[in-house]
Every structure is written in C-alpha cells, then in structure tokens.
Amino acid sequence: MSQPQARIHLLDPLVARRIAAGEVVERPHGVVRELMDNSIDAGARHVEVYLQAGGNESIRVIDDGAGMGPEDLRLCVESHATSKITTDHDLLSVRTLGFRGEALASIAAVSRLSITSAPSDGIPHTIEVDAGSIRNLAPSAGQQGTTVEVSDLFFNVPARKRFLKRTQTEASMCRGVFLDKAVGFVDVEFRLYLDGELRHFLPPGTIAARIAAAYPERTEPALLHQLTGSGEGFTFALIAGEPRAARKDRRQLQVFVNRRRVWEYALIQALEYAYRDYLHGGIYPVAYLFLDIDPELVDFNIHPTKREVRFRSLPEIHRRVVEVVSSHLRQFDRTMSPFVAAEPTLPYSTASPPGEMRVSPHPATVFDLTRVFDPGLSDSPDDPAGAPASGTPTTDGITPAIPDFRYLGQVMGVFLIVERENQLYLVDQHAAHERIIYDRLTRGSGGQELLFPVYLDIGEDEAKTLDANKDELSGLGIRIERNDGAWALVSTPAGISISAEDLAGM
Ligand code: ADP
Ligand code: MG
C-alpha cells in the first residue's frame, strides 16, 4: 500500500509573519503604540508622531533616542530580534515597554517600512523594507535618534485592509494611544500631527498637568490631587479628581502598571469602590492610578499587545489603593457631586453623611419596584411612587409581573433593601433601572417618529452593519432609513428618554 502524501507543510516564514502580524498590529493605532514604545525604550526625550489619513496612508514617529547602527538596522526588522532581553528569565526583571522582538518584524511584513537611525557615535543609515523584504540599506542624512515611517499599512493583505475604518475613526484611535503614552511618560515631550497639523503639544511636567493638557475638554486641573501609596513590592501615584469633577463615563478612570495603560478591571473597580460614598451608579470618578511594581510580581506576557496583566498580589494592591483614596476623600462633602443632587431617580435621599448607614423613612412599605424608578410608567397617575402598593403586576402589558416583596429601605444611596420569601435582597437601584429600560426595549415599546430625521455620519462598514441589523433595531423602535444615499434615524424607542442625537451618536 502506498503512503498517503503528507497534507501538512510548514508555512513560508513571510506568510507566517503576515498572519502573526495581525496579533500585534491590528490597525494603525497598534503601529503607533509599538513605535512610540520603541522610542520611549530608546530613552527619547522628544517624540513626534505624524499621521496621514489617520495612519491609513502613513505613520511617522521621530525620536531623539539612542538610535541604531547599520547592523542593528538590519536585525531590528527580523522576527524575534530584540536588544531588551536575552533569556526568558529576563522577563522577571524587564522594565522596558517592548521585549518580544516582534513589532518591527510584524509591521515590516504588512507595509512599506523605512527606518533612518543614527547612534551617538555613528553616521545615519536608512533601511527600506517592502512587505518584509529588505530593499535597501545605505548611509543617509539624519540626526541622532530614529525616524520610522510606515506607509500603506496592509497594502499586501487586502483581507485586513478592508477592515480599516475611515480616516477620522482611525485617527481618533491613534490619538487615544498617543495620549495613553503621553500620560504614562510625563517626563518626555510629545507632539502629535494629523495631516500636517499640530494637534497636541505636551511639554514635560507634573502628572496632573499632563492629564489636564492631554484632556483639556474633560479636566479641570484645580480639581485633581496627587496622592501616593505603597505596599510590599509596589508603590503608586494616584491622581484623584474631586467628587464634583465626576463624569458620566469611565474614560477618566485609568490604570497604568509600570507606565503601561492596562485594562485591569480589579484596579479600575478599586478606584470606583473608593468613591462609592460620593458617586453612585452611572457616575464615575476622575482617577488615574500609576502603579509601579516589581516586575517579578507581574506578568505582561499574557496578551500580544500587553493590554492585560497578571498580578501575584492583587488583593493587597486593591486594599492599599482603596485606603489611600478613601482617606483623601473624607475631606469632601458627600453631597457635593453635581450628579448626586441633580438626579431624582428616587423619592428618597441619595446622600447621607460619610460612614453612616441610613435607612429611608419608608420602612415596611410594599410597592411595585418599577414605579420607584419610573413613576411615569404607572397607569394610575394619582398613585404616587412610594405609596403603598400591592406589588401585583400592573395592567399596561409592559411592566413585568413582580411578585410580592417588602421594601425595607435604602442604604448608602445606592442599594434598596427588599425582603421576599424570607430572603433579604440588596438591589442596586441603577442596575435595576437599566434592567427595566432594557426589558422595555426588548419587549418592543414601538417607535416614536421624529419630526426631523437625524442624519448619521457613518462609513461603508458601519452602513453595512446597520443595514444588516435594520430589522432588529426597528423591533426596538429604532428605525433607520436611507434617503438619497445618506442614512438617517427616523424614529426612537417610545417611552425611553434618550435624545435622537445621543442615539444617532451611539
Ligand atoms: P522589542 O521592542 O520588543 O525589542 P521591536 O521589534 O519593537 O522589538 O524592536 C526591535 C529592536 O529594534 C529593539 O529591541 C531595539 O533594539 C531596536 N529599536 C526599535 N525601535 C528603535 C528606536 N526608535 N530607537 C532605537 N532602537 C530601536
Ligand atoms: Mg518594540
């Protein structure tokens, strides 16, 4: 019997690199991140980022760091080429942003790349790489430091290129990465140019000054305070915004570990938790945590772009962060938050003095919970929320049947205490409110026609997604139509208070 031919073969190294590149550089902002990391690792004091067409056309990063000689230039675009570690043991002490030696090789595989670099003791050279193949390496003009230019990203990988979004979207993602780096490294000067226009100039300064300069539209520097703390194997600096600087989104809740922005839920939660007496559901503090931790206690090597991180002693860090923020916040009045006072979601007080647990003055009343959140929902308008009610289902066909329960009161401005079938429940009032809105949406409350349609500013990809989901959206009362080639929102869900503009934005 003849042997069947092997069906498995080793991939051509360039093909393998092109495929792997997607993990490191998904889109332009991944390139921006990797190039800025390299500049910072090279000890640059000044870093300039230039984007053409949101990075879709080209991304250029110029630094005044250590630079590279011709041999290093040849090597730096190879896979697994790095000057930062030698053995895997070095991972335990690595302090640089890069260490995997993959970024330039990945970028080179999927673009046209040109690097001009000069070390302090050598003449400048330029290397040109096209889709992973070195075209040229020769002496050139240039100053100490490095200029990396990446053009035509994914020109040779059409499947990926199709996923690039329009200029504005890519530019805004790149800007996000740029600001994350700038906030992590306040001792370095950064500039960002979009299509030749200077958008951000961030001179070196304090952390608070950098944050305020990076997000001028969102931050009032006078409301930011710097705190510090430490524990076994770690120290941290913290920028804590005053409660009245609070926001309706989490964008100003940021965590940096060894100067890298990470999406570490437990630490973001620690910050939120520390503010729990001052801000409640849906309102978020302005707080930036900069954790500096012994590399032995942390593992960044679990995610290709190092967004995630694993800690050895998370509870200890969590505890210290909460302690430091909480003791700082004691000086503030809990009723100072603009939103706490302004949001009459409940007929009860939502603010009570720090440390004190207060039960609302409506003990032992029994009523329909949905009315607490939304008095307008009741079909008998003269039956005010908070009045004793039977807890039986309402008859409007919208409100879900809620079995009998006993409402005992509200604590900490956030939780409702409810007794039902001999069990005690703590209900997060904001989560419950969101749930009610969600239930109403999914049950199909119908749409409310807009007097003037709101036109949607969307690209091809988004239009396709919208088109594919049109029916489902219409079931929620959100009707979208195409008029003269432009998409417009023509109805919003009835009975849900959201402005058409907000909905269109979403
Ligand atoms: P890594 O950063 O993980 O080492 P990269 O592929 O990003 O891998 O870079 C490879 C090597 O090229 C780096 O280790 C560094 O020695 C060199 N290098 C890259 N960018 C720069 C730069 N801007 N300045 C000086 N050296 C650089
Ligand atoms: Mg790198």
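Residues numbered from 1 in each chain as written. Chains lettered and ligands numbered in written order. Predicted model: local features only at pLDDT ≥ 70, side-chain atom pairs only at ≥ 80, totals over all residues. Heavy atoms only, no water.

Chemist: For this particular structure, what's the right way to read unusual backbone geometry?
Modeler: Most peptide bonds adopt trans geometry, and most residues besides glycine take a negative phi value. Although it is not a glycine, alanine 53 adopts a positive phi angle of roughly 50 degrees. You can see alanine 53 is positioned in the loop between strand 1 (46-52) and strand 2 (58-63). What makes alanine 53 buried here is its relative accessible area of 12%. A positive phi angle, near 45 degrees, is found at glutamate 421, a position not held by glycine. Considering the arrangement of structural elements, one finds glutamate 421 in the loop between strand 17 (415-420) and strand 18 (423-428). According to the relative accessible area criterion, glutamate 421 is exposed, its value standing at 67%. (Helix = DSSP H or I, 4+ residues; strand = E, 2+ residues; numbered from the N terminus. Buried < 20%, exposed > 50% of the residue type's maximum accessible area, 1.4 Å probe, protein only.)

Chemist: Mind showing me how you'd approach the environment of glutamate 323 here?
Modeler: Looking at the element boundaries, glutamate 323 is found in helix 9 (residues 314-329). By relative accessible area, glutamate 323 is classed as partly exposed at 34%.

Chemist: Which parts of the structure should I look at to understand the packing of aromatic side chains?
Modeler: Any two aromatic rings considered together are summarised by their centre-to-centre distance and by the angle between their planes. Scanning all chains against the criterion turns up 5 aromatic pairs. Consider the rings of phenylalanine 234 and phenylalanine 236, whose centres lie 6.4 Å apart with planes at 15 degrees: the pair is stacked. When sorted by exposure, phenylalanine 234 lands in the same class as phenylalanine 236, which is buried. Clustering of aromatic rings is evident, with ring pairs tying together Phe256, Tyr288 and Phe290. (Phe/Tyr/Trp six-rings, centres within 6.5 Å; stacked < 30°, edge-to-face > 60°.)

Chemist: In this structure, what is going on with the sheet that holds strand 19 (residues 447-455)? I would like to understand it.
Modeler: Sheet architecture is open: 3 strands sit in the order 19-21-20, paired in antiparallel fashion. Looking at strand neighbours, the two that pair on one side only are strand 19 and strand 20 (479-483), the edges of this open sheet. Strand-to-strand, the axes of this sheet are offset by a mean angle of 25 degrees, without reference to chain direction. One ladder, built from 5 bridges, connects strand 19 with strand 21 (residues 486-493); its direction is antiparallel. Pairing of tyrosine 455 across the sheet is with alanine 488, part of strand 21. (Pairing = 2+ DSSP bridges. Axes fitted to C-alpha atoms, helices over the stretch in contact; angles between N-to-C directions.)

Chemist: Can you help me understand the packing of helix 8 (residues 265-274) against helix 9 in this one?
Modeler: Each pair of packed helices can be described by the angle between their axes along with the distance between the axes. It is the contact of helix 8 with helix 9, at a shortest axis distance of 8 Å, that shows an interaxial angle of 25 degrees. In terms of axis orientation, helix 8 runs roughly parallel to helix 9. Viewed along their axes, helix 8 and helix 9 form a crossing whose handedness is right-handed. On helix 9, the residues touching Ala266, Leu267, Gln269, Ala270, Leu271, Tyr273 and Ala274 of helix 8 are Leu314, Ile317, His318, Val321, Val322, Val325, Ser326 and Leu329. Looking at the contact of helix 8 with helix 9 residue by residue, the classes come out as 12 nonpolar, 3 polar and no charged. (Parallel < 35°, antiparallel > 145°, perpendicular 65-115°, else oblique. Left-handed = near helix turned anticlockwise from the far one by under 90°. Contact = heavy atoms within 4.5 Å. Nonpolar A, V, L, I, M, F, W, Y, C, P; charged D, E, K, R; others polar.)

Chemist: Help me out: how do you make sense of the nonpolar core in this one?
Modeler: As a rule of thumb, nonpolar side chains are buried together in soluble globular proteins. The biggest cluster of nonpolar side chains holds 62 residues, and the ones touching the most others in it are Ile115 and Phe190. If one sorts the elements of this core by residue count, helix 6 (residues 167-184) sits on top with 7 residues. Filtering out sequence-adjacent residues up to four positions away, phenylalanine 190 remains in contact with Met36, Ile40, Val47, Phe178, Lys181, Ala182, Phe185, His200, Phe201, Leu202 and Arg210. If you look at the next biggest cluster of nonpolar residues, it comprises 39 residues, including Ile85, Leu267, Leu271 and Val321. (Core = buried A, V, L, I, M, F, W, Y, C linked by side-chain atoms within 4.5 Å.)

Chemist: I would appreciate a short explanation of the pairing of strand 20 in the present structure.
Modeler: Remark: a regular strand shows side chains that alternate across the two faces of the sheet. In terms of strand pairing, strand 20 meets strand 21 through 5 bridges, oriented antiparallel. What sits directly across from asparagine 483, in strand 21, is alanine 486.

Chemist: I tried to follow the sheet that holds strand 9 (residues 224-231) on my own but got confused; where do I start?
Modeler: The strands making up a sheet are joined through hydrogen bonds of the backbone, oriented either antiparallel or parallel. Spatially, the 5 strands line up as an open sheet ordered 9-10-13-11-12, and their pairing is mixed. The strands lining the two open edges of the sheet, one partner per strand, are strand 9 and strand 12 (260-262). This sheet shows a mean twist of 25 degrees between the axes of neighbouring strands, independent of strand direction. Relative to strand 13 (residues 287-293), strand 11 (residues 253-257) runs parallel, the two being bridged by 5 bridges. What sits directly across from phenylalanine 256, in strand 13, is phenylalanine 290. The sheet contacts of helix 7 (residues 207-214) involve strand 9, strand 10 (234-241) and strand 13, and relative to strand 10 the element is tilted by about 50 degrees. Sheet contacts for helix 8: strand 10, strand 11 and strand 13; angle to strand 11, the most-contacted strand, approximately 130 degrees.

Chemist: Help me understand the site of ligand 1, please; the structure alone is not making it clear to me.
Modeler: If you check the shell around ligand 1, you find 19 residues, and the closest are Asn38, Thr82, Ser83, Lys84 and Gly101. Between ligand 1 and threonine 82 there is a distance of 2.5 Å, counted from an oxygen atom to a side-chain nitrogen or oxygen. At 3.3 Å from an oxygen atom of ligand 1 is found a main-chain nitrogen or oxygen belonging to alanine 103. Residues that form the shell around ligand 1 fall into these classes: 7 nonpolar, 8 polar and 4 charged. (Near = heavy atom within 4 Å. Polar contact = N/O pair within 3.5 Å; in protein donor to acceptor, adjacent residues only side chain to side chain.)

Chemist: I keep staring at the pattern of salt bridges and nothing clicks. Help me out?
Modeler: Side-chain pairs of opposite charge can arise where the charged atoms are in close proximity. By the definition in use, this model includes 28 salt bridges. Across the pair arginine 406 and glutamate 419 runs a salt bridge, and its minimum N-O distance is 3.0 Å. Residue arginine 406 is found in strand 16 (residues 406-411), and its partner glutamate 419 is found in strand 17; the two are separated by 13 residues along the sequence. What makes glutamate 419 partly exposed here is its relative accessible area of 25%. Via salt bridges that share partners, Arg112, Asp130, Arg135 and Asp152 belong to a single interconnected network. (Salt bridge = Lys/Arg side-chain N within 4 Å of Asp/Glu carboxyl O.)

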